[in-house]
Amino acid sequence: MIILSLSCHSRLVKSGFHLSDFLKRAALDFPERTFLVDDEVSMRFAEAAERVEGLASKLFSLGVKPGDRVLLVSENRVSLVLHLLAVARVGATFSVLSSQITVASMQQIMAQCEPVLILLSHSREDLRCCCDGSRLVWLDEPLPANSGSSKVDLPLSERGDALAFLVFTSGTTGMPRGVMLSHANVEFVTQAIQKRLRYVPEDRIGVFLPLSFDYGLYQIFYAMMCGAAVYLGRPESAGPELPKALARQAITVLPGVPTLFAGLIKMQSWRPALLPDLRVMTNTGDHLPLPHLKELQRLFPRVEIFPMYGLTECKRVSILRPEEIDRHANTVGRALDGTEVWAESPEGERLPPGGVGEFMVRGPHVGLGYWRAPEETAKRYRIQADGARLLVTGDYGSVDAEGFLQFHARSDFMIKHRGYRMSPVEIEEAACRLPQLTAAGCIKDEAREQLCLFITTHGEVLSDAELLMALAEHLERAKIPDRIIRLPELPRTANEKVDRKALRALLTAV
Amino acid sequence: MSSEERLLALLRPFLRLLPADAELPMDAELGRLGLDSLQSIDLLLALEQEFGVSIPDEKITVDAFTTPAQVLTLVS
């Protein structure tokens, strides 16, 4: 099986790769294998490739051209994947947005992106109001029947280092920020990750993560590279229903974030389900605490667990192989092959093994920067004299003599919660829209796994629930605080900014 | 207390977006009131304890946690 997947690696040509090559090759190598599955549809690679051609010619006739941007908003389902692959096929740039995106974020992304087309799920008809100026197509409409139109000569699009897609994440300013990834980035990193994870054609990958999250999206790429199947689950299914869904869909590979695994541990300890097919779990998005890792090993003795670390800007930094866990527990593994990671001192010097500093990542997986944000791009991305791409991660840790990465802290600024990266500013700004609030400061209580919002109020006093409900108008669910703490005044830094360090110190007292 | 009242009392602490004095109708959308997938697991456990039942696997679906009325069907 491994030989087969290696042979598909070698078929990828080094230069001039295009995202649409994945499906073209898979349709030749694995035409009859199942590719996409949701609760209604199951589709093989050959049929998916045909459908994508059909959709691509439809997009082409709608005027979508290479270089254009197309936004997609939908729950996980087969038609979402077919449409995003079709956008890539015509050479346009796609971006999958959260199906729970707020109207405010959608407006900000629309203004930045100027998409020519929006592919929208009927469940989000409310977003229609943001779409003026762009064409709107409903994703739920039945797929067009295959016709001779797939013979239309689709434009030969830019390859290699050209922009393939955007992944929107929270920026440090609280504004959504589009991370730009190229075809060459995807080609390199997909192969490098597969070399560590070794998915096989018989695998069925259970995706309960939204495809707006790069961790979910890339599972589609791994499947196309290896001939594996992807079950597109609903993120809501990652609760009580998860063990059942895993059994019903005969899932072999489960990519997850710590909250998903915490739920699985609870369910499995309390009412164990037989999951004979499950063989791989991967974790990223946040650190998987060692007790949880041990508990997963105990509950699923035959499952291989891969702790990983990454940032959307380069997709994946490091992966720990299951056989390395015992000797290197508490690390997030070694850097991907063909890449380099080191810790740097504040003075910009490369630290010796064991020294704690900011992680720097170098390699062909480092992306193109942030969409239309040259200043932010310059802060985080560097091109070295030899042309190599370097990413300044903002995360802190050390690299030991054997190359294993030990993670110490996320950047002081960004918060990782429930697998999402978010800026405290975004939450504070949403809070300050409420007239009753005079100030807000947001931090994460790492010990209790809670997102905490410190506030000062005046006049009419809101209850916590009323406040959180009002916040829900402007924030996605994962970003709604778990705890509200009221103070007469917030601690401030010398230049009058909310002092988050001081807030963190208060956590032990409140 | 009727099972409906017992259920609503049990649900309340799981709904952090529901004000303490607000009504909780049987068709309220629990997701909008703050119930997430991880909490649904705790809710399931609490239901079994409160109602002294063992909820069969086939009843545990995503839709079972959408409204109080749906949750009630788990224990009746």
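A quick note: this is a predicted structure, and the numbers were derived from the prediction, not measured.

(A) Quick peek at the overall build of chain A. For chain A, the count of helices and strands is 14 helices and 26 strands. Here the C-alpha coordinates of chain A stretch approximately 70 × 55 × 55 Å along the principal axes. When the accessible surface of chain A is totalled, it reaches about 20400 Å², and 53% of it is carbon and sulfur. Side-chain charges of chain A comprise 59 positive and 62 negative groups, with the mean position of each set lying 3 Å from the other.

(B) Summary view of the sheet that holds strand β24 (residues 437-445) of chain A. Residues and elements named next belong to chain A. What the three strands build is an open sheet, ordered β24-β25-β26; its pairing is mixed. The sheet is open, and its two edges are formed by β24 and β26 (483-486), each paired on a single side. Each neighbouring strand pair of the sheet contributes to a mean axis angle of 25°, computed without reference to strand direction. For strand β25 (residues 450-457) and β26, the ladder comprises four bridges, and the chain directions are parallel. Residue pairing for β26: Cys452 is matched across the bridge by Arg483. Its contacts with the sheet put helix α12 (residues 424-432) on β24 and β25, and the angle it makes with β24 is roughly 150°.

(C) View of the interface of chain B and chain A. On the side of chain A, 27 residues touch chain B, which itself brings 25 residues to the contact. When chain B packs against chain A, close to 2100 Å² is buried across both sides, 62% of that on carbon and sulfur atoms. Considering only the surface of chain B that becomes buried against chain A, Arg16(B), Ile41(B) and Val62(B) emerge as the three largest contributors, covering 31% of it. Scanning the region where chain B abuts chain A turns up four salt bridges. Here Glu48(B) and Arg271(A) are joined by a salt bridge, their closest N and O atoms 2.6 Å apart. Here chain B and chain A share seven residue pairs in polar contact (both at pLDDT 80 or more) between them.

(D) Summary view of the domain arrangement of chain A. The assigned domain composition of chain A is domain 1 (21-187), domain 2 (238-309), domain 3 (328-412) and domain 4 (414-506). Relative placement of domain 3 of chain A and domain 4 of chain A: their C-alpha centres are 30 Å apart.

(E) Highlighting the pattern of salt bridges. All names here are of chain A. Evaluation of the coordinates by the stated rule reveals 38 salt bridges over all chains. As a salt-bridge pair, Arg279 and Asp203 come within 2.7 Å of each other at their nearest N and O atoms. With Arg279 in the loop between α9 (258-270) and β12 (280-283) and Asp203 in the loop between α6 (183-197) and β9 (204-207), the pair connects residues that are 76 residues apart, well separated along the chain. Classification of Asp203 by relative accessible area gives buried; the value is 2%. Connected through shared salt-bridge partners, Arg177, Glu313, Glu376 and Arg380 make up one network.

(F) Inspection of helix α10 (residues 290-299) of chain A at higher detail. Residues and elements named next belong to chain A. All of the buried residues in α10 are Leu293, Leu296 and Leu299. The buried residues of α10 occupy one face: seen down the axis, they fall within an arc of 130°. Along α10, the residues that are exposed and aim more than 90 degrees away from the buried face are Pro291 and Arg298. Where α10 is buried, its residues contact α9, β12 and β13 (304-309).

(G) Quick look at the side chain of Glu344(A). Residues and elements named next belong to chain A. Relative to the helices and strands, Glu344 is located in strand β16 (residues 340-344). At 4.3 Å, Arg382 is the nearest oppositely charged side chain to Glu344, a buried residue that forms no salt bridge. A polar side-chain atom of Glu344 sits 3.3 Å from a polar atom in the side chain of Trp342. Here Glu344 is in contact with Glu349, Arg350, Leu351, Gly357, Glu358, Met360 and Arg382, once residues within four sequence places are set aside.

(H) Layout of the packing of helix α3 (residues 45-61) of chain A against helix α4 (residues 78-89) of chain A. All names here are of chain A. Taken N-terminus to C-terminus, the directions of α3 and α4 make an angle of 60°; their axes are 8 Å apart at the nearest point. One finds that α3 runs oblique with respect to α4. Between α3 and α4 lies a crossing of right-handed hand. Contact with α3, carried on its side by Ala48, Arg51, Val52, Glu53, Leu55, Ala56 and Leu59, involves Leu82, His83, Leu85, Ala86, Val87 and Arg89 of α4 and no other residues of that element. Partitioned by chemical class, the residues of the contact of α3 with α4 number nine nonpolar, one polar and three charged.

(I) The pairing of strand β4 (residues 93-97) of chain A, seen in detail. All names here are of chain A. For β4, the tally of buried residues reaches five of five residues, placing the bulk of the element in the interior. As paired strands, strand β3 (residues 69-73) and β4 are joined by five bridges and run parallel to one another. Across the sheet, Leu71 pairs through a bridge with Ser95, a residue of β4. Between the parallel elements β3 and β4, the chain passes through α4 in a crossover that is right-handed.

(J) Representation of the environment of Ile109(A). Residue and element names in this part refer to chain A. By the secondary structure assignment, Ile109 is in helix α5 (residues 103-113). Distance in space between the C-alpha atoms of Ile109 and Leu71 is 9.3 Å, their sequence separation being 38 residues. Discounting residues that sit within four places of it in the chain, Ile109 has contacts with Leu71, Leu97, Ile101, Phe168 and Pro176.

(K) Quick peek at the packing of aromatic side chains. All names here are of chain A. For the coordinates displayed, the defined rule picks out 16 aromatic pairs over all chains. Considering the side-chain rings of Phe165 and Phe221, the 5.9 Å spacing of their centres and the 50° angle between planes classify their relative orientation as tilted. In this pair, Phe165 sits in strand β7 (residues 163-170) while Phe221 sits in helix α7 (residues 214-226), placing the two residues 56 residues apart along the sequence. When sorted by exposure, Phe165 lands in the same class as Phe221, which is buried. Taking 5.0 Å as the distance between ring centres and 65° as the angle between the ring planes, the aromatic pair formed by Tyr309 and Phe407 counts as edge-to-face. Separated by 98 residues along the polypeptide, Tyr309 in strand β13 and Phe407 in strand β21 (residues 405-409) bring together distant segments of the chain. A relative accessible area of 3% means that Tyr309 is categorised as buried. Directly above the ring of Trp270 sits Arg271, whose terminal nitrogen or CZ lies 5.3 Å from the centroid. Above the face of the Tyr218 ring, Lys315 is positioned so that its terminal group lies 4.6 Å from the ring centre.

Definitions and cut-offs
- Residues numbered from 1 in each chain as written.
- Chains lettered and ligands numbered in written order.
- Predicted model: local features only at pLDDT ≥ 70, side-chain atom pairs only at ≥ 80, totals over all residues.
- Heavy atoms only, no water.
- Helix = DSSP H or I, 4+ residues; strand = E, 2+ residues; numbered from the N terminus.
- Areas by Shrake-Rupley, 256 points an atom, 1.4 Å probe, with all protein chains shown as cover.
- Lys, Arg positive; Asp, Glu negative; His and termini not counted.
- Charge placed at Lys NZ, Arg CZ, Asp CG, Glu CD.
- Pairing = 2+ DSSP bridges.
- Axes fitted to C-alpha atoms, helices over the stretch in contact; angles between N-to-C directions.
- Contact = heavy atoms within 4.5 Å.
- Buried area = accessible area lost by both parts, 1.4 Å probe.
- Salt bridge = Lys/Arg side-chain N within 4 Å of Asp/Glu carboxyl O.
- Polar contact = N/O pair within 3.5 Å; in protein donor to acceptor, adjacent residues only side chain to side chain.
- Domains from an automatic or database assignment.
- Buried < 20%, exposed > 50% of the residue type's maximum accessible area, 1.4 Å probe, protein only.
- Arc of directions from axis to C-beta.
- Parallel < 35°, antiparallel > 145°, perpendicular 65-115°, else oblique.
- Left-handed = near helix turned anticlockwise from the far one by under 90°.
- Nonpolar A, V, L, I, M, F, W, Y, C, P; charged D, E, K, R; others polar.
- Right-handed = clockwise from strand over helix to strand, strands pointing away.
- Phe/Tyr/Trp six-rings, centres within 6.5 Å; stacked < 30°, edge-to-face > 60°.
- Lys NZ or Arg CZ within 6 Å of the ring centre and 35° of its normal.

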